[in-house]
Amino acid sequence: MEVTNPNSTGVWYDVITFGAPAHHHQTFKHGGLKKLLSKHTNSVSYSQDESSRARELLTSVAQLQPLVFGCAEELLAVSLELNAARLQQVLDGLRRQTEQFVHALKDELVKIALLAIHNQVTANCSGSHVHSNGVLCENSANREGPSSIGQQDDVRRDVAYDEEEWDRAWANVAMSLNCIIAMVDRLQGREQRHLEVTSAEQQESPTNAHNSASSSSSTAFSWQEQLLPLVVTLRDCVREAVAKARAAMTFVVLQGAVAPTVDQGPAQIVQRRHAVFSQALSALVCGFTLKLNVGLEDPDFLRQLHSVGILAQFESLLSTYGDELGMLEDMEVGVSDLSQVAFTVTEANTEQPDDLLPTLSGTWGSFVVEVQLTPEMFGLLPRELKEGGLIRVHPVLFNIGINQQQSLAERFGDSSLQDTVNQQNCERLRLYCKTLRDQLPHMAAVESLSDLLSSLDRSIDTRKKKNVEVLWIAATVCRTVNGVRLTSCKSAKDRTAMSVTLEQCVLLRERHTLSEQHFNTALDCMRRSRLSWGQMLGCYAQSGFTVSGSDPGECPSGQRGPWPPLCLAPEAPRRHMYPVAFLLVTSHLLVLWLILSLVLLLSRDCK
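Summarised in this report is the structure supplied together with it. (Residues numbered from 1 in each chain as written. Predicted model: local features only at pLDDT ≥ 70, side-chain atom pairs only at ≥ 80, totals over all residues. Heavy atoms only, no water.)

**With respect to the nonpolar core**
Consideration 1: Of all hydrophobic cores here, the largest spans 49 residues; its most connected members are L94, F101, L105, W166, I180 and M249.
Consideration 2: At the level of secondary structure, the elements contributing two or more residues to this core comprise α2 (48-78), α3 (84-105), α4 (108-125), α7 (165-204) and α8 (209-258).
Consideration 3: Ranked by the residues each element gives to this core, the list is headed by α8, at 14 residues.
Consideration 4: Once you skip the residues sitting within four places of it in the chain, M249 turns out to touch A54, L57, L58, L109, V110 and A113.
Consideration 5: Residues A20, F314, L338 and V371 belong to the second largest nonpolar core, which totals 43 residues. (Core = buried A, V, L, I, M, F, W, Y, C linked by side-chain atoms within 4.5 Å. Buried < 20%, exposed > 50% of the residue type's maximum accessible area, 1.4 Å probe, protein only. Helix = DSSP H or I, 4+ residues; strand = E, 2+ residues; numbered from the N terminus. Contact = heavy atoms within 4.5 Å.)

Following this line, the structure appears as structure tokens:
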């Protein structure tokens, strides 16, 4: 939309509309990308190498545990003999077996598998979960009602997972062994001193031999009594470590066995994600190219591009009911993936249209879109961008459902996804604005960002039904920071057209002195499909400026020149005469019709 005034140069406002990026071919029976990714994140798969390592570790644990226990029992038996050399020999064997056992358990795969098990248990205990066949199962704790409150509290307390728990498990085994070694050294030292004293006493008085024998017998029992609790502790620590290791490695082996049979598996999810990403990327490239061409003469904007990056604000009007909920889940992931994209600007070889097309390079996670500019336009860029500096993308998504399906979702369904999306993206928008204030504090528009972001926070927190104020404030922030705005609904027709025409009229009122008296007239003119060019010009001429589209062509009145975009719509009658049968389908009339039918039937039966 171009707005011109006789006393100033024209101002351009880009209006970009597109259908919600979603994979309609795979349908939304199992939800969108957000739900599918969440389900398969919990269902971890392991490679063949990891499965082989798990089997080897299970075999090692099964072999080493009996050896450790055997050496521990032998140590207790030998302690009764009071043979220091024999005791040291058995202790050395116990040390070797235990060290091999600990070394086998220190595999990082065990720790990773234990964390995966905890995540799955937490997900299953927190409420409902979706099986691979798409069946939704409710947790029994949720069905029990008030009697399960204590169990739910226990689940909440156990949600936090201590990542060092496994490290402590095998470390306890090593520390138990060290305690046994220290005790044996202490007992051997004590026995050595006792033998020296006894030998000296026997040389002085041979009558003490009988007392020495009885003392040796009590010393043997004393050794066993002092070693027994330490050996029991060692065995308990070994059992605990073996139980955790077996559970973890069995989980790895089983996951590796069932992973290829999961419905909607990773291949389908990757295909869906790429399809959604390509749609979102196409819209973003269109918006960035338009924004760059318009802002080439704005030095602050060009400085913002290479120092902070470009903000891309996606405005969605999808409902959170039925298939559109799955579309919103697709769109959320697709918009988030755009943060992996960067732009770079290069000089085109010629001014031919084919040479000015953008190109995509790189791999997933590091895509670079190369935008071509003519030599004249390329010369306006700062040095950093001319040298190939990357322009980072900061995407945000705000969604407010506005149709009748959203009314059903708010009354009978769930709109929590919409609330979560708006809250998370508000934080991302705040982070971008903070970075912009830190990097470019001299920008005049930066001063008003704090108030706008506070208003946006309050508007999101109110949880008001169909709170379109969230979209208005987010759009204002986006325009303030020279961002790219993209508006979409399911098909970018009815709801999107209502939104962008309202936005255009608001811009005319706030920035170009369109009076309140003519606001509704201008809005009706933009939304009306059959419109004479004179009416369109007339409602703006009274305010002293002209509004036009970007492409010349034939206006409905037959004149050549620019026209509002909606004038290109095919001609349609002003009014639609809907049949009576269609009106009866509405919910309220249908219920009333059913009640009256029942009354008539009952009255006939009574007669």
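Once you've had a look at it, read on.
**Some details on empty space enclosed by the protein**
Consideration 1: Scanning all chains against the criterion turns up 1 cavity of 30 Å³ or more.
Consideration 2: Taken as a whole, the largest cavity spans an internal volume of roughly 40 Å³.
Consideration 3: What lines the largest cavity is D14, V15, I16, R485, T487, V500 and E503.
Consideration 4: Elements with a contribution of two residues or more to the lining of the largest cavity: β11 (484-488) and α18 (494-511).
Consideration 5: Of the residues contributing to the lining of the largest cavity, the split by class is 3 nonpolar, 1 polar and 3 charged. (1 Å grid on protein atoms, 1.4 Å probe; cavity = no way out; pocket = protein on both sides within 12 Å on 5 of 7 lines; lining within 4 Å. Points joined across faces, edges and corners; volume = space filled by probe spheres on them. Nonpolar A, V, L, I, M, F, W, Y, C, P; charged D, E, K, R; others polar.)

**Description of the side chain of R272**
Consideration 1: Tracing the chain through its elements places R272 in helix α9 (residues 266-294).
Consideration 2: Judged by relative accessible area, which is 1%, R272 ranks as buried.
Consideration 3: In this structure R272 touches H23, Q26, T27, F28, G31, G32, L33, L36 and D330, once residues within four positions along its chain are discounted.

**Some remarks on the environment of A444**
Consideration 1: Residue position: A444 is located in the loop between α15 (416-439) and α16 (449-461).
Consideration 2: Taking relative accessible area as the criterion, A444 reaches 63% and is therefore assigned exposed.
Consideration 3: A sequence separation of 144 residues divides A444 from D300, and the C-alpha atoms of the two residues are 10.0 Å apart.

**Notes on the packing of aromatic side chains**
Note on aromatic pairs: each is described by the distance of the centres and the angle between the planes.
Consideration 1: If you walk through the whole model with that rule in mind, you get 5 aromatic pairs.
Consideration 2: For the pair F18 and F314, a centre-to-centre distance of 5.9 Å together with 75° between the ring planes defines the contact as edge-to-face. Of this pair, F18 sits in the loop between β3 (16-17) and α1 (33-42) while F314 sits in strand β6 (residues 310-316), placing them 296 residues apart in sequence. Per residue, the accessibility class of F18 equals that of F314, and both read buried.
Consideration 3: Centroid distance W364 to F367: 6.1 Å. Interplanar angle 90°. Geometry classified as edge-to-face.
Consideration 4: Classification of F367 by relative accessible area gives buried; the value is 13%.
Consideration 5: Taken together, the aromatic side chains of F277, W364 and F367 make up a single cluster linked through ring pairs. (Phe/Tyr/Trp six-rings, centres within 6.5 Å; stacked < 30°, edge-to-face > 60°.)

**Looking at the pairing of strand β10 (residues 391-399)**
Consideration 1: Summarising burial for β10: 7 of the 9 residues are buried, a large majority.
Consideration 2: Relative to β10, β6 runs parallel, the two sharing 7 bridges. Note on β10: the bridge partner recorded for Q313 is V396.
Consideration 3: When strand β7 (residues 341-347) meets β10, the two strands line up antiparallel, connected through 2 bridges. Looking at the pairing, A342 lines up with R392 of β10. (Pairing = 2+ DSSP bridges.)

**Topic: the sheet that holds β10**
Consideration 1: As summarised here, the arrangement of the 7 strands in space is β3-β11-β6-β10-β7-β9-β8, forming an open sheet in which the pairing is mixed. Edge positions in the sheet fall to β3 and β8 (359-361), since each has one partner strand and no second.
Consideration 2: Sheet topology places β8 next to strand β9 (residues 367-373); 3 bridges connect them, and they run antiparallel. In the strand pairing of β9, L360 is matched with V369.
Consideration 3: With respect to the sheet, α15 is in contact with β6 and β10, its orientation differing from that of β10 by roughly 145°. (Axes fitted to C-alpha atoms, helices over the stretch in contact; angles between N-to-C directions.)

**Section: the packing of α9 against helix α11 (residues 323-337)**
Consideration 1: Where α9 meets α11, the closest approach of the two axes is 8 Å, and the angle between their N-to-C directions is 65°. In terms of orientation, α9 lies roughly perpendicular with respect to α11. The handedness of the crossing between α9 and α11 comes out as right-handed. Touching R272, R273, V276, F277 and A280 of α9 are D330, V333, G334 and D337, all from α11.
Consideration 2: Here the contact of α9 with α11 is composed, by residue class, of 4 nonpolar, 1 polar and 4 charged. (Parallel < 35°, antiparallel > 145°, perpendicular 65-115°, else oblique. Left-handed = near helix turned anticlockwise from the far one by under 90°.)

Remember, this is a structural readout, not a statement about activity or role.
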